[in-house]
Each structure stands twice: as C-alpha cells, then as structure tokens.
Amino acid sequence: MAAGSNLSAVLHGKDDLRLEHRDIKLPGENEVQISMCSVGICGSDVKYWTHGKCGRFVLEEPMVMGHESSGTVVAVGSGVTHLAKGKSTASLIVFQST
C-alpha cells in the first residue's frame, strides 16, 4: 500500500538521470518512514551517474540516488523499539550485493 508519492532522482544508466514520482510505501514491521529534510549526493553516486558503475559494482537496474540523509520519523513498524514518531534522525543507507 502506498502513502503518497515522492519526487526522486532515479539513475537508469550512465548519464541517464531522471526525476520520477515514486510511491511511498508504508513501513514494514522493522522499518521506519522518514520525512526527508536533506539528502546528500556523494562520490559513489557521481561515479554511478558518470560511469554506470562504482568500483566493481555495476548499475543493473534503476537506482534512486542519494543515500546520506536527515529527517524526521513520521511512521514506525510494529517491531521498531528504538525510534519514535517525531524523532529527528540521520541515516546512511548501504546496500550489499551477495
């Protein structure tokens, strides 16, 4: 179920960056939803954008850019105990491929 939409910078391939509206999904059991105040674009984002890869990791599907952010928690899943609605937070989202 979606809780609205968000304008996102989505990288589809080398030099192919598009602004798209993406659904905002409600948080799962151990997830939180954050209303973003700011999002940073770092060196790895620039490498993906300009080269289609970063080190040995190759862009294989569209990717939302920006993974260093700050904001306010607006919803929490039932299993979340360390964050509450209204709490300010910063995050660094790292994805690892197996």
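Reading the values: rules and limits
- Residues numbered from 1 in each chain as written.
- Predicted model: local features only at pLDDT ≥ 70, side-chain atom pairs only at ≥ 80, totals over all residues.
- Heavy atoms only, no water.
- Pairing = 2+ DSSP bridges.
- Helix = DSSP H or I, 4+ residues; strand = E, 2+ residues; numbered from the N terminus.
- Axes fitted to C-alpha atoms, helices over the stretch in contact; angles between N-to-C directions.
- UniProt positions renumbered as here; feature names shortened; annotations may be inferred.
- Salt bridge = Lys/Arg side-chain N within 4 Å of Asp/Glu carboxyl O.
- Buried < 20%, exposed > 50% of the residue type's maximum accessible area, 1.4 Å probe, protein only.

Trainee: Explain the sheet that holds strand β8 (residues 88-92) to me, and be specific about the residues and the numbers.
Mentor: Ordered by their spatial adjacency, three strands build an open sheet running β3-β7-β8, and the pairing between neighbours is antiparallel. Looking at strand neighbours, the two that pair on one side only are β3 (32-40) and β8, the edges of this open sheet. Going from strand to strand, the sheet's axes swing by 40° on average, the running direction of each strand aside.

Trainee: Which residues make up the UniProt feature "domain: Alcohol dehydrogenase-like N-terminal" (unreviewed entry) in the chain, and what values go with them?
Mentor: With numbering matched to this structure, UniProt assigns "domain: Alcohol dehydrogenase-like N-terminal" (unreviewed entry) to residues 28-89. Secondary structure within residues 28-89 divides into 15% helix and 42% strand; the distance between the first and last C-alpha atoms comes to 18 Å.

Trainee: Describe the pattern of salt bridges, listing the residues and the values that go with them.
Mentor: A complete count under the given rule lists three salt bridges for this structure. R22 serves as the salt-bridge partner of E20, at 3.4 Å between the closest nitrogen and oxygen.

Trainee: So what about the side chain of T89? Which residues, and what values?
Mentor: If you trace the backbone, T89 turns up in strand β8. For T89, a relative accessible area of 18% puts it in the buried group.

Trainee: Before we move on, can you summarise the environment of E61 with the specific residues and values?
Mentor: Within the secondary structure, E61 sits in the loop between β5 (57-58) and β6 (63-64). Separated by 49 residues in the primary sequence, E61 and H12 have C-alpha atoms spaced 6.6 Å apart.

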